[in-house]
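Here is what each chain is made of, one letter per residue.
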Amino acid sequence: MELRTLRYFLAVAREENMTRAAEILHVTQPTLSKALRALEDELGKKLFERHSFSISLTDEGVLLRNRAEDLIAMADKIEGEFLALDDITGGDLYFGLAESFGIRYLARELRVLKGQIPGLKYHITSGDTEQVTEKLDKGLLDFAVICDEPDRRKYDFLVFPEADLWGLILPADAPLARKETVTADDLVGLPLFTSRQAWEGDIRSWAGERWEELTLEGSFRLAYNASLFVREGLGAQLSFEHLVDTSPESGLVFRPLSPRLESRMYLIWNKFGTFTPLAERFLRQVREEFF
């Protein structure tokens, strides 16, 4: 199975049209069709359903698309790493980031490094701990930022300078908005939004025995999306401070949890991984500057 063939496959999967994919790839349609038939023969599975004017993926095709995207990303990353060995004036860094106001520290150091290395490019994937560590384990990322205690058997890490503060985001005219802080008792009977990771982790520990009485109305990976549901009066959101606009004009307010709940953020990388010179330089810089 060649990388070129996988690139062909991904183009057709994306465009859902053989002619358009052939134009994008700068190959003839017969060449593209032959390559895809050979791929199906090699795998012994039908990858596409062919219709009059379009093409769609079979279940086997969806599986291959997911695997092929990772393989192509890995191949591109390896190529970039070898090019960077001889070019410290440029290169690529790959990050998987949890949502946190502390990401500003990371952004600041990237700005400094960009000033020293104008050819630096950085690529950001957002997600929860499960999502970003999966990519880190596959070698698709150089670093990840998570809000869970890292697995010390797999990762080395640095702790961010500041912790994130947990609180409740709710409409400014809600009765609870009159309180300065919010307790677990206050949340009983209230439809709540937060990430599944937080619900089963930090929130469960914080609420203690009252956790079983709380109602998770919906789970979200992105704080902004959850805040839109709060704006529509569907519930309240458990989130870090500063992730959602709670200015007077927003119609929302943030109230800290009581007792106070904070989460530390961690910059992690594979304990047994190999860094490019650019990644080594970035890590050295953040160690010296603020960790």
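Calculation notes
Residues numbered from 1 in each chain as written. Predicted model: local features only at pLDDT ≥ 70, side-chain atom pairs only at ≥ 80, totals over all residues. Heavy atoms only, no water. Helix = DSSP H or I, 4+ residues; strand = E, 2+ residues; numbered from the N terminus. Contact = heavy atoms within 4.5 Å. Areas by Shrake-Rupley, 256 points an atom, 1.4 Å probe, with all protein chains shown as cover. Lys, Arg positive; Asp, Glu negative; His and termini not counted. Charge placed at Lys NZ, Arg CZ, Asp CG, Glu CD. Expected span 1.5 Å × (residues − 1). Buried < 20%, exposed > 50% of the residue type's maximum accessible area, 1.4 Å probe, protein only. Arc of directions from axis to C-beta. Phe/Tyr/Trp six-rings, centres within 6.5 Å; stacked < 30°, edge-to-face > 60°. Salt bridge = Lys/Arg side-chain N within 4 Å of Asp/Glu carboxyl O. Core = buried A, V, L, I, M, F, W, Y, C linked by side-chain atoms within 4.5 Å. Pairing = 2+ DSSP bridges. Right-handed = clockwise from strand over helix to strand, strands pointing away. Axes fitted to C-alpha atoms, helices over the stretch in contact; angles between N-to-C directions.

Participant: Looking at this model, I keep getting lost on the overall build of the protein chain. Mind explaining?
Facilitator: In terms of helices and strands, the protein chain carries 11 helices and 13 strands. Projecting the C-alpha coordinates of the protein chain onto the three principal axes gives extents of approximately 70 × 50 × 40 Å. Residue pairs in contact within the protein chain that sit at least 24 positions apart in sequence constitute 72% of those at least 6 positions apart. As presented, the protein chain carries roughly 15800 Å² of accessible surface, and 50% of it is formed by carbon and sulfur atoms. Looking at the protein chain, you have 36 positive and 49 negative side-chain charges, and the mean spots of the two groups are 3 Å apart.

Participant: Sorry if this is basic, but what is going on with helix 5 (residues 103–116) here?
Facilitator: Within an α-helix, residues lying three or four positions from one another point in the same direction, as the helix has 3.6 residues per turn. In this model helix 5 runs 20 Å from its N-terminal to its C-terminal C-alpha over 14 residues, within 8% of the 20 Å that 1.5 Å per residue would give. Considered for burial, the residues of helix 5 that qualify are Ile103, Tyr105, Leu106, Glu109, Leu110 and Leu113. The buried side chains of helix 5 occupy one side of the element, clustering within an arc of 150° when seen end-on. Residues of helix 5 that are exposed and point more than 90 degrees away from the buried face comprise Arg111 and Gly115.

Participant: Please explain the side chain of Thr133 as it appears in this structure.
Facilitator: You can see Thr133 is positioned in helix 6 (residues 129–137). Filtering out sequence-adjacent residues up to four positions away, Thr133 remains in contact with Ile146, Tyr155 and Ile268.

Participant: When you look at the packing of aromatic side chains in this model, what are you seeing that I'm missing?
Facilitator: Each aromatic ring pair is specified by the distance between its two centres and by the angle formed by the two planes. If you walk through the whole model with that rule in mind, you get 13 aromatic pairs. The interplanar angle of 90° and the centroid separation of 5.6 Å between the aromatic rings of Phe193 and Phe220 together place this pair among those described as edge-to-face. Here Phe193 is found in strand 8 (residues 191–194), whereas its partner Phe220 is found in the loop between strand 9 (215–219) and helix 10 (223–231), with 27 residues between them in sequence. Residues Phe193 and Phe220 agree in their burial class; the two are buried.

Participant: I tried to follow the pattern of salt bridges on my own but got confused; where do I start?
Facilitator: A side chain of one charge can pair with a side chain of the opposite charge when the charged atoms of the two come close. Overall, the coordinates contain 20 salt bridges when judged by the stated rule. In this structure, the salt-bridge partner of Lys46 is Glu49, at a minimum N-O distance of 3.3 Å. Residue class for Lys46 comes out partly exposed when judged on its relative accessible area of 46%. Between Asp156 and Lys271 there is a salt bridge, and its shortest N-O distance comes to 3.0 Å. Pair noted here: Asp156 is in strand 6 (residues 155–159) and Lys271 is in the loop between strand 13 (266–270) and helix 11 (277–289), with a separation of 115 residues, a long-range link. If you follow the salt bridges from partner to partner, you end up with Arg14, Glu15 and Arg20 in one network.

Participant: Please explain the nonpolar core as it appears in this structure.
Facilitator: Considering soluble globular proteins, one finds that nonpolar side chains tend to be buried as a cluster. In this structure, Leu93, Leu168, Ile203, Leu238 and Phe282 are the most contacted members of the largest nonpolar core, which totals 47 residues. The residues touching Leu168, leaving out its near neighbours within four places in the chain, are Leu176, Val182, Leu187, Leu190, Leu192, Ala236, Gln237, Leu238, Val253, Phe254, Arg255 and Leu257. If you look at the next biggest cluster of nonpolar residues, it comprises 21 residues, including Met18, Leu36, Leu39 and Leu47.

Participant: Mind showing me how you'd approach the pairing of strand 4 (residues 119–126) here?
Facilitator: Moving residue by residue along a regular strand, the side chains alternate between the two faces of the sheet. By the bridge criterion, 8 bridges tie strand 3 (residues 90–97) to strand 4 in an arrangement that is parallel. Of the residues in strand 4, the one forming a bridge with Gly90 is Gly119. Of the crossover connections in this fold, the one passing from strand 3 over helix 5 to the parallel strand 4 is right-handed.

Participant: Which parts of the structure should I look at to understand the sheet that holds strand 5 (residues 143–146)?
Facilitator: Through backbone hydrogen bonds, the strands of a sheet pair up, either in parallel or in antiparallel fashion. Spatially, 5 strands are ordered 4-3-5-13-6 in an open sheet, and the strand pairing comes out mixed. If you trace the sheet from one side to the other, it starts and ends with strand 4 and strand 6, each paired once. Put simply, the sheet's adjacent strands are angled 25° from each other on average, direction ignored. Sheet strands in contact with helix 5 are strand 3, strand 4, strand 5 and strand 13, and its direction is about 180° off that of strand 3. Sitting on the sheet, helix 11 touches strand 3, strand 4, strand 5, strand 6 and strand 13, and the angle it makes with strand 3 is about 60°.

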